[in-house]
Amino acid sequence: MATPESPYGSSVAVGGGKPVRVHHLAAAKRDGVRLVMLTAYDAVAARILDAAGTDMLLVGDSIGNVMLGHESTLPVELDEMVVATRSVARATKRALVVADLPFGTYEAGPEQALASAVRLMKAGANAVKLEGGRPRAASVRALTQAGIPVVGHLGFTPQSVNMLGGFRVQGRGEAAEELLTDAQALAEAGAIALVLEMVPEPLAARVTESLAIPTIGIGAGARCDGQVLVWTDMAGMTEWSPRFAHQFGQVGQALHQAAADYGAAVREASFPAEKHWFSS
Ligand code: KIV
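Keep in mind the model is a prediction, meaning the values are calculated, not measured. Along every chain, residues carry numbers that run from 1 in the direction the sequence is written. In keeping with the model being predicted, local features are shown solely for residues with a pLDDT of at least 70 and side-chain atom pairs are shown and tallied solely at 80 or more, while totals for entire chains, interfaces and linings include all residues. Side-chain measures were taken over the full set of non-hydrogen atoms in the model, leaving aside hydrogen atoms and water.

What exactly am I supposed to notice about the site of the ligand here?
The cutoff for a nearby residue is simple: one of its non-hydrogen atoms must lie within 4 Å of the molecule or strand. Residues in close proximity to the ligand include Thr 39, Leu 58, Gly 60, Asp 61, Ser 62, Asp 100, Lys 129, His 153, Val 195, Glu 197, Ile 218 and Val 230, which together make up its full environment. With respect to the ligand, the side chain of Asp 61 contributes an N or O atom lying 3.1 Å from an oxygen atom. Two N or O atoms form a polar contact when they lie within 3.5 Å of each other; inside protein one atom must be a possible hydrogen donor and the other a possible acceptor, and for residues adjacent in sequence the pair counts only when both atoms belong to side chains. In this structure, Lys 129 approaches the ligand through a side-chain N or O atom, which is 2.9 Å from an oxygen atom. Areas reported as accessible are Shrake-Rupley estimates using a 1.4 Å probe. Residue values count occlusion only from the protein chains shown. Here the ligand, which alone exposes 260 Å², has 95% of that area covered by the protein. Only Asp, Glu, Lys and Arg are considered charged, only Ala, Val, Leu, Ile, Met, Phe, Trp, Tyr, Cys and Pro nonpolar, and every remaining residue, Gly among them, polar. Looking at the shell around the ligand residue by residue, the class counts come to four nonpolar, four polar and four charged.

Below, the structure is given as C-alpha cells:
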C-alpha cells in the first residue's frame with residue numbers, strides 16, 4: 001500500500017517498523033521471520049528497495065560486474081565501495097546497510113581489515129561483509145571488538161573465483177564438513193549473519209540449524225533464514241540472470257520502452273509540451 005512517506009508502498013516485518021539493527025537479526029531467526037536482503041549500489045535504487053520493506057541492503061562488491069562493467073569483483077577498490085556506501089546510506093531509512101570489504105582490503109589480517117572496515121562504517125554502513133572461513137576468524141573477532149558488526153560469506157566466494165576454478169557450487173562431498181566448521185568459527189568469532197552462496201540445499205539447511213545467527217542464502221535453497229539477490233537480477237534488468245535468481249519484474253524492458261517513448265516524443269516534437277515550460 002502506498003503511504004505519503006513511500007510512494008511505492010511498504011511491507012514491514014523485521015524490527016516492527018523501526019530501523020533494522022543488528023539485534024533484530026537474531027530475533028528474526030528466533031521468531032522464524034525470514035530476512036529479505038537485496039544489493040544496492042546507489043541512492044536511486046536504495047530509496048525504492050528500502051521503501052519496499054527490504055530488511056538489509058548489501059552494498060555488494062558485485063558493483064564491479066553489475067555496475068562498473070568488470071568481469072569479476074576483483075578490480076573493485078575500497079574508494080569505490082566508500083562512494084557507493086555513502087549513496088546507499090543517505091537514501092536508506094529502515095534497512096540495515098551492509099557494505100562489502102573488497103578484494104585486497106582485509107586478507108592481510110585484523111589490522112588491515114579494521115582500517116578498511118572503519119572507512120566503510122564512516123561512509124554510513126551499519127555492518128561490513130567479508131568472504132572466507134577460519135582464516136578470517138581473527139579479523140571477524142577484531143572488528144567485532146572494535147564495535148563493527150560483521151557478516152560472513154561462505155560457499156562460492158566470488159573474490160576467490162580464480163582459486164575455485166569458476167562459478168561452481170561449493171561444499172559438495174567432504175567439503176561439506178569443512179564449510180560447517182568454517183561457519184561455526186565465524187559465528188564463534190562474533191559474526192552477526194552468514195551469507196551462503198551456491199551450496200547444496202541440504203548443507204545450507206544443516207548450517208542454518210547449527211547456528212544461532214541467521215543464514216542468508218543465494219543459490220542455497222529455501223531453508224536458510226533469509227535470502228539475498230542482486231537487485232538487477234531480481235528486477236529483470238538484464239537479459240541473462242543466474243539459475244538461482246528469479247525475475248520479479250521486467251524493469252529493463254520498462255526502461256527500454258520509456259527511453260524509446262521519450263526519443264520518439266522529442267523527434268516528433270510532442271515533448272516538451274506547454275505544461276513543461278515557463279512562459280515568463
Ligand atoms: O556482492 C554481492 O552482491 C554479494 C552477494 C552475491 C551476496 O556478495
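For this particular structure, what's the right way to read the side chain of Thr 208?
Here a strand is any run of E in DSSP of at least two residues, a helix any run of H or I of at least four, and the numbering for each starts at the N terminus. When you line up the elements, Thr 208 lands in helix H9 (residues 201-210). Three exposure classes are used, based on accessible area relative to the maximum for each residue type with a 1.4 Å probe and protein chains only: buried under 20%, partly exposed in between, and exposed over 50%. Residue classification places Thr 208 among the buried positions, given a relative accessible area of 8%. Any two residues whose heavy atoms approach within 4.5 Å are treated as being in contact. Apart from residues lying up to four places away in sequence, Thr 208 is in contact with Lys 29, Thr 215, Arg 223, Cys 224 and Asp 225.

How should I be thinking about the pairing of strand S2 (residues 56-59) in this particular structure?
Working note: regular strand, side chains alternate between the two faces of the sheet. The alternating pattern of S2 places Met 56 and Leu 58 and Leu 57 and Val 59 on opposite faces, both of which are buried. Pairing between strands requires that DSSP locate at least two bridges from one strand to the other. Relative to S2, strand S1 (residues 35-39) runs parallel, the two sharing three bridges. Paired with Leu 38 across the bridge in S2 is Leu 57. Note on handedness: a clockwise path from strand one over the helix to strand two, with the strands aimed away from the viewer, defines a right-handed crossover. On the question of chirality, the crossover connecting S1 to the parallel S2 by way of helix H2 (residues 43-51) is right-handed.

Would you mind going over the domain arrangement of the chain with me for this structure?
How big an interface is tends to be expressed through the accessible area that disappears when the partners come together. Segmentation of the chain into domains, including their bounds, is taken from an automatic or database domain assignment. By the assigned domains, the chain splits into domain 1 (22-249) and domain 2 (250-279). The gap between the C-alpha centroids of domain 1 and domain 2 is 38 Å. Opposite the five residues of domain 1 that make contact, domain 2 presents five residues. A quick way to say it: buried area is the sum, across both parts, of accessible area lost when two parts are put together, with a 1.4 Å probe. Roughly 370 Å² is buried in total at the junction of domain 1 and domain 2, and carbon and sulfur atoms are behind 55% of that figure. When a carboxyl oxygen of Asp or Glu lies within 4 Å of a side-chain nitrogen of Lys or Arg, that pair is called a salt bridge. At the junction of domain 1 and domain 2, the tally comes to zero salt bridges. The tally of links between domain 1 and domain 2 comes to four residue pairs in polar contact (both at pLDDT 80 or more).

Any chance you could explain the packing of helix H8 (residues 175-189) against H9 here in plain terms?
To characterise two packed helices, one gives the angle between the axes of the helices and the distance between these axes. Close contact between H8 and H9 brings their axes to 10 Å; oriented N to C, the two are set at 30°. In this view, H8 runs roughly parallel relative to H9, as classed from their interaxial angle. Like other packed secondary-structure pairs, H8 and H9 cross with a definite hand, here right-handed. Between H8 and H9, the residues in contact are Ala 176, Glu 177, Leu 179, Leu 180, Ala 183 and Gln 184 and Leu 203, Arg 206, Val 207 and Ser 210, respectively. Grouping the amino acids of the contact of H8 with H9 by side-chain chemistry returns six nonpolar, two polar and two charged. For helices, the fitted axis covers only the stretch in contact; all axes are lines through C-alpha atoms, and the angles between them, taken along N-to-C directions, range from 0 to 180 degrees. When an angle is under 35 degrees it counts as roughly parallel; over 145 it counts as roughly antiparallel; between 65 and 115 it counts as roughly perpendicular; any other value is oblique. Each crossing gets its hand from how the near helix is turned against the far one by less than a right angle, where anticlockwise is left-handed and clockwise is right-handed.

I tried to follow the packing of aromatic side chains on my own but got confused; where do I start?
The relative placement of two aromatic rings is captured by the distance of their centres and the angle of their planes. Pairs were defined over the aromatic rings of Phe, Tyr and Trp, the Trp ring being its six-membered one, requiring ring centres within 6.5 Å. Orientation was assigned from the angle between planes: stacked under 30 degrees, edge-to-face over 60, tilted for the rest. Tallied over the entire structure, the rule returns two aromatic pairs. Measuring from ring centre to ring centre gives 6.0 Å for Tyr 262 and Phe 271, while their planes differ by 65°; the resulting arrangement is edge-to-face. Tyr 262 gets classed as exposed once you look at its relative accessible area, which sits at 52%. A relative accessible area of 35% means that Phe 271 is categorised as partly exposed.

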